[in-house]
Amino acid sequence: MELEGAFTIFLELCLFFLLIFTAWVQINKKGNLPPGPTPLPFLGNVLQLHAGNISQSFTKLRVKYGPVFTVYMGSRPVVVLCGHEAVKEALVGQADEFSGRGKMASLERSFQGHGVVLANGERWRILRSFCLTILRDFGMGRRSIEKRIQEEISFLLEEFHKANGAPIKPTFFLSRSVCNVISSILFGSRFDYEDKQFLKLLQMINERFTEMNSPWTQLYDMYSGIMQYLPGRHNRIYYLIEELKDFIASRVKINEASFDPENPQDFIDCFLIKMHQEKNKAYTEFNLKNLIITTLNLLFAATDSVSGTLYYGFLLLMKHPEVEAKICEEINHVIGPHRVPSVDDRVKMPYTDAVIHEIQRVIAPLGYPHSVTRDTHFRGYLLPKGTDVFPLLGSVLKDPKYFRYPDAFYPQHFLDEQGHFKKNEAFVPFSSGKRICLGEAMARMELFLYFTSILQNFSLRPLVPPADIDITPKISGFGNIPPTYELCLVAR
Ligand code: HEM
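Just so it is clear, the structure is predicted and the values come from calculations on it, not from any experiment.

Residue Asn164 is not a glycine yet carries a positive backbone phi of 55°. Relative to the helices and strands, Asn164 is located in the loop between helix H6 (143-163) and helix H7 (170-186). Backbone geometry at Ser431 places phi at a positive 70°, although glycine is not the residue there. With respect to the helices and strands, Ser431 occurs in the loop between helix H16 (393-397) and helix H17 (440-457).

Structure, rendered in C-alpha cells:
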C-alpha cells in the first residue's frame, strides 16, 4: 500500500515536471524575441500584468525594458510596442508584416476568424475592400452622410430640449443617436428612439463594450486556454454577442424577403448581391457568417467609439469651462446661433478642431492587437509568423517627444503661435498602417458635427464644481471607460 502511494506521488511529480518542461520549451522556442520579465510556466507574466489596468502595467514595464518588450499572456508571447517611433516603424515601415490581427480570445469564441475586424489574410483583404467601397457608396466622407448625421443630431437636440435643463445621464442619449447613423447605412433606416427592439439592441451593445473592457474579459484574453472551461462572469460577453448575432440574422431575413438586386437599400443588401453573384464559385468569402459578423463589427466599431468620445469629451469640457467658452465664441463667430453646423466650417474653426483632437488624444485607447503575417525581423529581433503584437496607441498619443504636456488637457498641442491648426504626426487615435480604422472619415465628421451642434444649442453644467470632477477612467482596457456622470444641458 505504502509502495503504491509512493509510486502515485512519483508519477504526479513526473507529470508536474513534464508540464513545466513543455511550457519552458514552448516559451523558449519562439524566435529571438525582445526582452521582458521572466514568465512563470503556464501563467506567463501574471505577476506583472494587472487585468483592469493593463496599460499601467505596460507603462511600468516600458521603464525597465524600453519601448519594445515581450510579455507572456499564459504561454503566449506578445510583443509590446511603445511610443511613436517604434509603432510607426512597425505599422507603417513594415506595414505588410504587421497587418495581421492578433488574438482576442473573448471575441474569437463568437467570431472564429470571420468578419472584417478579426479576419486575416485574403479574407480580411476582401472584406475590408468591400466595406470601404460600400461605406463610400453610402456617402462616407461625403455630403450625403453629412446630411444624415445632421438629421440625427436634430433628433438628439430635441431630446435634450425635452429634459428642460434637468440632470441627465448622457450615455444613452448619445449612443442612441450615434448608433442610428451607422444603422441607417447597415439597415437602410434609423430606429425610432422608443423602438423596443432598438433599446434592447443598444443595451446589449453598451453592456458588451463594458464587458469587453472588464478585468474578467482581460483575464480571459490572457488565459483563455484554461478559462474557456470554467464557468463565470467571463462568459457573459460570449452570450451577449451570440444574442447580437441573432438580431443581425433576423435583419438579414427581413432583407432577403424584400430583396431587389437592382435597388440595394443598405449594406446588407449589397452583401446579399455579392453572395448571389458568387454563389457558384468553389470558394467565396461572401457567405452568411461573414455578412452577420461584419455587420456586427461595423455596428460595434461605429457606435462605441464615437459616442464614447463625445461622452468623455463633455466631461473634459466641464472640467475645463474656459475651453468650452472659447469653442462657443468660435461657434458664434463662424456659424452663429441659427445655422446648422457643417463640415465646411471645420477649417474656419481651428480652436474647436484642436480641442476635438486633444480630447481624442487624452482619452487615448490601448489599441487593438496585431500579429505578424510572416517571420519578421524588427529592431534586431526575430518575431516568428503569427506572433501577437500590441502597438500601444496610448503611448504614442502621450509620447513626450511629440506632446509638450502629455498628461494634461492642452488644446494648444494642436495650435501654432498664430492660433492656426497644427498637425502632429503622433496623433494616431485611429491607428496607422494597413489596419487603420476604416471609418475614420465618418468618425471625424460625426465628432465635429456633434460637438459643435450640441455646444451651439446648450451649455454644459456639471453637478459638482469643475475642480471636483474626476476624469480618471473607470476601467482601462482596449479603450478607456470614463467615470459615470450626470450633467445639465441648459439651452442657450
Ligand atoms: C472616434 C471614433 C473612432 C475611433 C477612435 C476608432 C479607432 C479605431 C482603432 C484604433 C482601430 C484599430 C486599428 C488597428 O487595428 O490598428 C479601428 C478599427 C476599425 N474601425 Fe474604427 N474608430 C472610430 C470610429 C469608427 C467608425 C465610425 C467605423 C465604421 C464606420 C469604424 C470601423 C472600424 C473597423 C471596421 C475597424 C477594423 C479595421 C480592420 O481590422 O481592418 N470605426 N478603429
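Still more to cover.
Protein coordination of the iron atom of the ligand is limited to a single donor, Cys437 (SG), positioned at 2.3 Å. Residue position: Cys437 is located in the loop between H16 and H17.

Right, let's talk about the site of the ligand for a bit. If you check the shell around the ligand, you find 24 residues, and the closest are Arg128, His370, Ser431, Arg435 and Cys437. Tallied by class, residues from the shell around the ligand come to 15 nonpolar, six polar and three charged.

At their nearest, the axes of helix H11 (residues 236-257) and helix H13 (residues 288-319) sit 9 Å apart, and the two run at 110° to each other. By the angle class used here, H11 and H13 are roughly perpendicular. As H11 packs across H13, the resulting crossing turns out to be right-handed. Contacts between H11 and H13 involve Ile241, Leu244, Lys245, Ile248, Ala249 and Val252 from the first element and Leu288, Leu291, Ile292, Thr295, Leu296, Leu299 and Phe300 from the second.

On to the pattern of salt bridges. Pairing between side chains of opposite charge can happen when their charged atoms approach one another. With the rule as written, the count across this model stands at 24 salt bridges. For Asp96, the salt bridge is made with Lys434, and the minimal N-O distance between the two is 3.1 Å. Of this pair, Asp96 sits in the loop between helix H3 (83-93) and strand S3 (100-101) while Lys434 sits in the loop between H16 and H17, and the two are 338 residues apart along the sequence. Assessed through its relative accessible area of 37%, Asp96 is described here as partly exposed. For Lys162, the salt bridge goes to Glu159, with nearest N and O atoms at 2.9 Å. Of this pair, Lys162 and Glu159 both sit in helix H6, separated by three residues, roughly a single helical turn. Note on Glu159: relative accessible area 13%, which makes it buried. Each member of the salt-bridge network shares a partner with another, and the members are Arg148, Glu151, Glu152 and Arg190.

Conventions adopted
- Residues numbered from 1 in each chain as written.
- Predicted model: local features only at pLDDT ≥ 70, side-chain atom pairs only at ≥ 80, totals over all residues.
- Heavy atoms only, no water.
- Helix = DSSP H or I, 4+ residues; strand = E, 2+ residues; numbered from the N terminus.
- Donors = N, O, S within 2.8 Å, 3.2 Å for Na, K, Ca; no water.
- Near = heavy atom within 4 Å.
- Nonpolar A, V, L, I, M, F, W, Y, C, P; charged D, E, K, R; others polar.
- Axes fitted to C-alpha atoms, helices over the stretch in contact; angles between N-to-C directions.
- Parallel < 35°, antiparallel > 145°, perpendicular 65-115°, else oblique.
- Left-handed = near helix turned anticlockwise from the far one by under 90°.
- Contact = heavy atoms within 4.5 Å.
- Salt bridge = Lys/Arg side-chain N within 4 Å of Asp/Glu carboxyl O.
- Buried < 20%, exposed > 50% of the residue type's maximum accessible area, 1.4 Å probe, protein only.

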